[in-house]
Amino acid sequence: MWRRIWALIIKEFFAIWNDKRSRAVIIVPPLIQLMVFGYAATFDVSHVATAIYNEDRGVAASKLVARFAGSPAFHVVYHLDAQRQIAQNEGRQKGDDDRHLPGHELAAGKR
């Protein structure tokens, strides 16, 4: 069965290859897709606007906030002072990402 399918694929490929217009249809779209998707489709995350609510204020939490601020993936836009500001910030869409560092849990290793 697979031998017949493979023979059919080869036959159709040669039939398309003999026609000049069809040959262009086979070659040009994949080349365009390679060029366009090679530059447009990327999974690199960089400069995500981030708001941070640091409830802990300890050494470990401060180091974590410094790592967020120093990372090329995140851009710390706001340092929030209260829990309610997270919902307000999301409503205004000022930050793409909100981080909440709960009090005394970071140093204790609970998160």
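This text goes with the structure placed above it.
This write-up is about the structure you can find in this document. (Residues numbered from 1 in each chain as written. Predicted model: local features only at pLDDT ≥ 70, side-chain atom pairs only at ≥ 80, totals over all residues. Heavy atoms only, no water.)

Moving on, we come to the overall build of the protein chain. Helices and strands together make up the secondary structure of the protein chain, namely four helices and three strands. Reading the helices (α) and strands (β) of the protein chain from amino to carboxyl end gives α-α-β-α-β-α-β. A total of 111 residues make up the protein chain; the buried ones form 20% of that total. In the protein chain, of all internal contacts separated by at least 6 residues, the share reaching a separation of at least 24 is 71%. Taken as a whole, the protein chain presents about 9100 Å² of accessible surface, with 59% of it coming from carbon and sulfur. (Helix = DSSP H or I, 4+ residues; strand = E, 2+ residues; numbered from the N terminus. Buried < 20%, exposed > 50% of the residue type's maximum accessible area, 1.4 Å probe, protein only. Contact = heavy atoms within 4.5 Å. Areas by Shrake-Rupley, 256 points an atom, 1.4 Å probe, with all protein chains shown as cover.)

Turning our eyes to something else, we now look at the packing of helix 1 (residues 2–18) against helix 2 (residues 20–40). At a closest axis distance of 5 Å, the pairing of helix 1 and helix 2 adopts a crossing angle of 115°. Taken together, the axes of helix 1 and helix 2 lie roughly perpendicular to each other. Contact with helix 1, carried on its side by Ile-16, Trp-17 and Asn-18, involves Lys-20, Ser-22, Arg-23, Ile-26 and Ile-27 of helix 2 and no other residues of that element. A breakdown of the residues in the contact of helix 1 with helix 2 according to their chemical character gives four nonpolar, two polar and two charged. (Axes fitted to C-alpha atoms, helices over the stretch in contact; angles between N-to-C directions. Parallel < 35°, antiparallel > 145°, perpendicular 65-115°, else oblique. Nonpolar A, V, L, I, M, F, W, Y, C, P; charged D, E, K, R; others polar.)

Right, let's get into the packing of aromatic side chains. Counted by the stated rule, this structure contains two aromatic pairs. Centroid distance Phe-13 to Trp-17: 5.8 Å. Interplanar angle 20°. Geometry classified as stacked. Taken together, the positions of Phe-13 and Trp-17, both in helix 1 and four residues apart, correspond to about one turn of that helix. Looking at Trp-17, the relative accessible area reads 32%, which means it is partly exposed. (Phe/Tyr/Trp six-rings, centres within 6.5 Å; stacked < 30°, edge-to-face > 60°.)

In total, this model carries one salt bridge according to the counting rule given. Salt-bridge contacts for Lys-11 lead to Glu-12; the nearest nitrogen and oxygen are separated by 3.0 Å. Judged by relative accessible area, which is 48%, Lys-11 ranks as partly exposed. (Salt bridge = Lys/Arg side-chain N within 4 Å of Asp/Glu carboxyl O.)

Next up on the list: helix 3 (residues 59–70). The terminal C-alpha atoms of helix 3, which comprises 12 residues, lie 16 Å apart, in line with the 16 Å expected from a rise of 1.5 Å per residue. Taken residue by residue, helix 3 has Ala-61, Val-65 and Phe-68 as its buried positions. Down the axis of helix 3, the smallest arc covering the buried residues is 55°, so these residues share one side. Summarising the geometry of helix 3, the exposed residues directed more than 90 degrees from the buried face are Val-59, Lys-63, Arg-67 and Gly-70. (Expected span 1.5 Å × (residues − 1). Arc of directions from axis to C-beta.)

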